[in-house]
Amino acid sequence: MAERLEVTRFIAATPDEVYAAISDVTRMGEWSEECHACQWHDGFDRAVVGARFDGHNRNGAHEWTTQGTVVEADPGRSFVFECSMFDFHFSTWGYRIEPAEGGCTVTEWSDDLRPESAMEFSKKASGIDDREARNRQTMSGTLERLAAALER
């Protein structure tokens, strides 16, 4: 069963501005502490359902690449993608954007779909023992950096 983790933050920018920033996966390295670079697969250059991309992640000396597939791309409202490695869909990540006075609230969320049998491999590959705590920390940081960039 998936365990959903959510972090929400107000950002003083329009929903369309927030969506444009987060759905351009090539900019993910500007916001994320762990995912330092992304690039679209051949044939894709923007967020549309079915678009695929590689996400390059790092934690200290640990580096790994995941494949993302966009499953929801609703401008100004939501952006969702599935993460896979070796054709195994291990998590789904998303952003929900809701209008608010003076900007919008942005919720970054993640569903951890790893079975118990994959936990040890995941820990060795990433060097992260407590994925939930790490994701909560990096999601908060991602939203902070996103806000700082958009509220300039």
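Residues numbered from 1 in each chain as written. Predicted model: local features only at pLDDT ≥ 70, side-chain atom pairs only at ≥ 80, totals over all residues. Heavy atoms only, no water.

Undergrad: Lay out the pairing of strand 6 (residues 88-100) with the relevant residues and their values.
TA: As judged from the 8 bridges shared by strand 5 (residues 78-85) and strand 6, these two strands associate in the antiparallel manner. Bridge pairing in strand 6 places E82 opposite T92. Bridge analysis of strand 6 against strand 7 (residues 103-112) gives 10 bridges, and the strand direction is antiparallel. Residue P99 lies in a different strand from strand 7, and its bridge partner there is C104. Where strand 6 folds back onto strand 7 in an antiparallel hairpin, the turn is made up of 2 residues, including G102, whose phi is positive at roughly 80 degrees. (Pairing = 2+ DSSP bridges. Helix = DSSP H or I, 4+ residues; strand = E, 2+ residues; numbered from the N terminus.)

Undergrad: Could you give an account of the nonpolar core, naming the residues involved and the relevant values?
TA: Ranked by size, the top nonpolar core spans 35 residues in total, and within it V18, F79 and L146 carry the most contacts. At 5 residues, the largest contribution of residues to this core is made by helix 4 (residues 131-150). Once you skip the residues sitting within four places of it in the chain, V18 turns out to touch I11, A13, I97, C104, V106, L146 and L150. (Core = buried A, V, L, I, M, F, W, Y, C linked by side-chain atoms within 4.5 Å. Buried < 20%, exposed > 50% of the residue type's maximum accessible area, 1.4 Å probe, protein only. Contact = heavy atoms within 4.5 Å.)

Undergrad: Can you lay out the pattern of salt bridges for me, pointing to particular residues and giving the numbers?
TA: Under the definition given, this model contains 13 salt bridges. Here E151 makes a salt bridge to R9, at a shortest N to O gap of 4.0 Å. Here the residue E151 occupies a position in the segment after helix 4, and R9 occupies one in strand 1 (residues 3-11), the gap between them amounting to 142 residues. By relative accessible area, which is 35% here, E151 ends up partly exposed. Its salt-bridge partner being R77, residue D74 comes within 3.6 Å of it at the nearest N-O pair. Overlapping salt bridges, with partners in common, bring together E33, E34, R131 and R134 in one network. (Salt bridge = Lys/Arg side-chain N within 4 Å of Asp/Glu carboxyl O.)

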